Amino acid sequence: MERAIRTTRRGPLRWIRRIPTYVFLSLWAAFAIFCVLWIIFTSFKTNRELFANVWALPTRFVFENYVKAWQVVRMGDYFINSIIVVFASVALILAISTPASYVLSRFTFVGRKLVTNIFIAGMGVPTPLLFIPLFAIMSFLHLINTLPGLIVIYTSLSIPFTVYLLTGFFVTLPSELEESAVIDGASEFTIFSRVMMPLATPGIITAAIFNFITLWKEYMLALVYISEPDRRPLSLGLYSLSNSMQYTGDWVGLYAGAVIVIVPTIILYIVLSERMIEGITMGATKG
Amino acid sequence: MYRRAKKKVPIIILFLLPAAIFYSGLFLLPAVQAFWYSLFSWRGFSDTKVFVGLGNFVELITRDENFWFSLRMNLVVLTVGGVLTFAFAFLMTALLSSGIKGKRFYRAMVFLPNTIAAVAVATIWGYIYNPRFGLLHGFFQVLGMEKLSKTTWMAPDKAMWSVLVAMVWVWIGFYTVLLLAGTEKIPKSLYEAGRIEGANRFQLFTRITIPLIWDVIAVAIVLWTIGALKVFEFPYAISGINPPREIWTVGIYLFIMGFGKRNPVYRLGYATAIGVLMLIIVIILAAVAQRLLRRETIEY
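Residues numbered from 1 in each chain as written. Chains lettered and ligands numbered in written order. Predicted model: local features only at pLDDT ≥ 70, side-chain atom pairs only at ≥ 80, totals over all residues.

## Describing the overall build of chain B
Okay, step 1: Along chain B, the regular secondary structure elements total 14 helices and two strands.
Okay, step 2: Oriented by its inertia axes, the alpha-carbon framework of chain B measures out at about 75 × 75 × 35 Å.
Okay, step 3: Taking all contacts inside chain B whose residues are at least 6 apart in sequence as the whole, residues at least 24 apart take part in 68%. (Helix = DSSP H or I, 4+ residues; strand = E, 2+ residues; numbered from the N terminus. Contact = placed C-beta atoms within 7 Å.)

## Some points on the overall build of chain A
Okay, step 1: Within chain A, the secondary structure is distributed over 14 helices and zero strands.
Okay, step 2: Taken from the N to the C terminus, the helices and strands of chain A come in the order α-α-α-α-α-α-α-α-α-α-α-α-α-α.
Okay, step 3: For chain A, the C-alpha radius of gyration of 25 Å lies well beyond 19 Å, the compact-globule estimate for 287 residues.
Okay, step 4: By principal-axis analysis of the C-alpha atoms, chain A measures approximately 80 × 75 × 35 Å. (Rg over C-alpha atoms; globule rule 2.2 N^0.38 Å.)

## Topic: the domain arrangement of chain A
Residue and element names in this part refer to chain A.
Okay, step 1: Partitioning chain A into structural domains gives domain 1 (2-64) and domain 2 (71-284).
Okay, step 2: On a C-alpha basis, the centroid separation for the pair domain 1 and domain 2 is 33 Å.
Okay, step 3: Each partner contributes residues to the interface: domain 1 has nine residues there, and domain 2 has nine residues.
Okay, step 4: Elements with a minimum of two residues in the side of domain 1 that touches domain 2: helix 3 (19-42) and helix 4 (47-52).
Okay, step 5: For the side of domain 1 that touches domain 2, the element with the highest residue contribution is helix 3, accounting for four residues. (Domains from an automatic or database assignment.)

## Let's talk about the interface of chain A and chain B
Buried accessible area, meaning the area lost when the parts come together, often serves as the stated size of an interface.
Okay, step 1: Taken residue by residue, the interface counts 76 residues in chain A and 74 residues in chain B.
Okay, step 2: Looking at the side of chain A that touches chain B residue by residue, the class counts come to 54 nonpolar, 18 polar and four charged. (Nonpolar A, V, L, I, M, F, W, Y, C, P; charged D, E, K, R; others polar.)

## Remarks on helix 13 (residues 234-248) of chain A
The α-helix advances 3.6 residues per turn, and as a result positions three or four apart in sequence lie on the same side.
Residue and element names in this part refer to chain A.
Okay, step 1: The terminal C-alpha atoms of helix 13, which comprises 15 residues, lie 20 Å apart, in line with the 21 Å expected from a rise of 1.5 Å per residue.
Okay, step 2: Burial in helix 13 covers these residues: L234, S235, L236, G237, L238, Y239, L241 and S242.
Okay, step 3: Downstream of helix 13 by one or two residues, G249 has phi in the positive range, about 70°. (Expected span 1.5 Å × (residues − 1). Buried ≥ 20, exposed ≤ 12 C-beta atoms within 10 Å, placed from the backbone.)

## Some thoughts on unusual backbone geometry
Residue and element names in this part refer to chain A.
Okay, step 1: One non-glycine residue, H142, adopts positive backbone phi at about 55°.
Okay, step 2: Tracing the backbone shows H142 in the loop between helix 8 (131-140) and helix 9 (147-171).
Okay, step 3: Judged by the 10 C-beta atoms lying within 10 Å of it, H142 is exposed.
Okay, step 4: Phi is positive for N145, close to 65°, though the residue is something other than glycine.
Okay, step 5: With respect to the helices and strands, the residue N145 is situated in the loop between helix 8 and helix 9.

## Some points on the nonpolar core
Okay, step 1: Judged by nonpolar contacts, the single largest core of 167 residues is most densely connected at B:V119, B:A120 and B:I274.
Okay, step 2: With 16 residues, helix 8 (residues 156-183) of chain B is the largest single contributor of residues to this core.
Okay, step 3: Taken domain by domain, this core gets at least three of its residues from each of domain 1 (2-64) and domain 2 (71-284) of chain A.
Okay, step 4: Leave out the neighbours within four places in its chain, and B:A120 touches A:L238, A:A258, A:V261 and A:I262. (Core = buried A, V, L, I, M, F, W, Y, C linked by C-beta atoms within 7 Å.)

## Thoughts on the confidence of the model for chain B
Okay, step 1: Considering every residue of chain B, the mean pLDDT works out to 90; 96% of them sit at 70 or more.
Okay, step 2: Overall fold confidence (pTM) sits at 0.92, and the ipTM for the predicted complex is 0.91. (pLDDT = per-residue confidence, 0-100.)

## Brief notes about the environment of A:V90
Residue and element names in this part refer to chain A.
Okay, step 1: Its location among the elements puts V90 in helix 6 (residues 75-106).
Okay, step 2: Placed 125 residues apart in sequence, V90 and L215 show a C-alpha to C-alpha distance of 8.5 Å.
Okay, step 3: Beyond its immediate chain neighbours, meaning those up to four positions away, V90 contacts A208, N211, F212 and L215.

## Focus: the packing of helix 8 of chain A against helix 14 (residues 268-293) of chain B
Okay, step 1: Direction vectors running N to C along helix 8 of chain A and helix 14 of chain B enclose 130°, while the axes themselves pass 8 Å from each other. By the angle class used here, helix 8 of chain A and helix 14 of chain B are oblique. Here A:F131, A:I132 and A:P133 of helix 8 of chain A come into contact with helix 14 of chain B, specifically with B:L268, B:A271, B:T272 and B:G275.
Okay, step 2: Of the residues that constitute the contact of helix 8 of chain A with helix 14 of chain B, the class distribution is five nonpolar, two polar and no charged. (Axes fitted to C-alpha atoms, helices over the stretch in contact; angles between N-to-C directions. Parallel < 35°, antiparallel > 145°, perpendicular 65-115°, else oblique.)

## Some remarks on the confidence of the model for chain A
Okay, step 1: Residues of chain A with pLDDT of at least 70 account for 94%, and the chain-wide mean is 89.
Okay, step 2: Ignoring residues within four places in sequence, the model shows residues 1-8 of chain A, a span with pLDDT below 50, making one contact including any to other chains.

## As for the packing of helix 3 (residues 65-96) of chain B against helix 11 (residues 214-230) of chain B
Residue and element names in this part refer to chain B.
Okay, step 1: Packing of helix 3 against helix 11 brings their axes to within 8 Å, and their N-to-C directions diverge by 140°. With respect to helix 11, the element helix 3 is oriented oblique. As for the relative orientation of helix 3 and helix 11, their crossing is right-handed in sense. Seen from helix 3, the contacting residues are N74, V77, L78, G81 and G82; seen from helix 11, they are W224, T225, A228 and L229.
Okay, step 2: Its residues assigned to classes, the contact of helix 3 with helix 11 shows five nonpolar, four polar and no charged. (Left-handed = near helix turned anticlockwise from the far one by under 90°.)

This is how it looks when you write it as structure tokens:
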């Protein structure tokens with residue numbers, strides 16, 4: 001009897017009861033996909049075509065919008081700026097946060113908990129608090145309006161979350177290999193680079209992807225510390241493009257610019273979505 | 001698990017040093033300096049600072065209508081935005097964890113807006129809200145609702161809610177993914193047991209899922225509180241060079257007082273005082289949230 005009831009619940013009846021769930025989730029997904037696809041298709045239209053019928057697909061694919069965005073609006077230069085700034089920042093963040101996180105999570109010493117908390121407390125600090133004092137420091141260092149300046153700012157402001165993520169990851173690693181390396185008389189550097197780093201690679205990659213996406217998207221700090229048009233990263237470039245839109249009215253050009261910003265992270269997301277989602281949740285769900 | 005630090009002090013220092021230098025020089029130092037600068041009237045980086053004590057704070061709290069106006073936006077995000085975001089995130093979590101096919105695909109699509117730069121999200125919503133050719137315009141036209149189709153969604157009286165809806169759309173994805181990760185750690189046997197006891201899906205969710213992911217919910221709410229006070233990029237991007245006061249947040253107001261919109265303002269001490277107030281509000285709200293959410297962790 002019990003079994004009979006269970007089978008009906010698992011059978012077609014259950015599937016029918018789930019239709020509202022599928023409809024709701026599919027509509028939600030369709031909206032997100034539509035937003036991205038619409039902007040991509042429209043970026044290949046002319047402004048005249050856009051105003052004639054916003055829903056129609058482009059009659060022929062106009063690449064001029066991209067040529068214009070890439071060269072005239074200089075999104076090409078901004079793209080290169082972003083590549084330099086984001087890659088250098090991510091490399092620097094990992095180079096300094098990994099050893100620190102390793103020590104904070106695998107050694108015991110006086111003040112370990114305090115130091116960890118000080119690092120992580122930065123996550124709660126609203127970034128605008130730092131705008132002006134950091135501006136003064138950066139101009140003292142002659143790093144205002146420079147790519148290296150933006151790199152060090154991105155690096156230091158990314159430390160709290162990265163340390164949070166990596167200490168959470170290092171704590172979960174097994175200690176057998178580490179212990180046998182100690183017994184074998186390996187030096188601390190060998191233990192770190194040959195034993196712990198390989199074990200921690202998944203966590204380090206997750207941190208790299210997370211920081212890459214975050215910094216690629218970032219434009220608030222760039223807005224504060226970069227006023228020289230030559231040095232704009234891509235998202236700041238899109239911001240100024242959308243401002244000048246108010247005078248030019250070149251909508252399709254704006255959409256082409258937006259697609260140039262969106263595509264790298266979307267591609268990364270398609271390839272690595274599981275990893276990225278893991279990065280978001282690793283800290284909050286503790287392991 | 002932890003190793004003793006005897007004779008390891010040089011290693012510990014060496015490994016911590018690079019991160020410590022960056023973090024203390026370019027994060028802790030400016031954060032502490034902010035408190036000092038907030039006590040000055042300072043009209044430009046090369047200008048001399050004039051000590052005014054708590055004058056900036058007195059002006060902000062008693063006389064500055066714009067400050068309260070922008071704080072209101074943050075509080076609307078915190079409360080209205082919070083209720084909307086968490087209601088949808090819980091709904092999504094319940095639906096996605098109900099054993100449907102294609103869970104990973106739907107989860108990826110819900111999270112998708114989070115992978116797009118806020119400026120580009122603003123471009124997308126600029127299209128959706130466009131009164132001449134936007135998505136909502138087209139949608140209401142198809143339904144034959146001419147009047148609604150001509151709505152200027154970014155007009156001052158509606159801008160705050162339009163911006164909020166767009167931001168909530170993005171945040172739902174983030175918090176769904178967070179809550180869902182919590183539910184994935186709950187053993188299936190608990191649900192089996194609940195079902196045998198005759199609980200329906202709603203009861204399973206409120207009696208098993210929520211208590212067991214309580215620590216994740218607590219983290220999510222603290223993150224939400226910090227995030228709501230930080231809001232900057234989306235509203236600033238969607239409104240162009242001269243954002244209307246209706247969508248100012250405290251962060252945006254700070255930026256305007258510090259660096260100006262079209263023309264520089266350079267009230268540097270005053271702007272920094274806004275930042276100090278932001279930090280104080282975050283600390284108070286996070287402490288309140290943590291106290292309200294404190295609860296025995298359930299081991300399973």
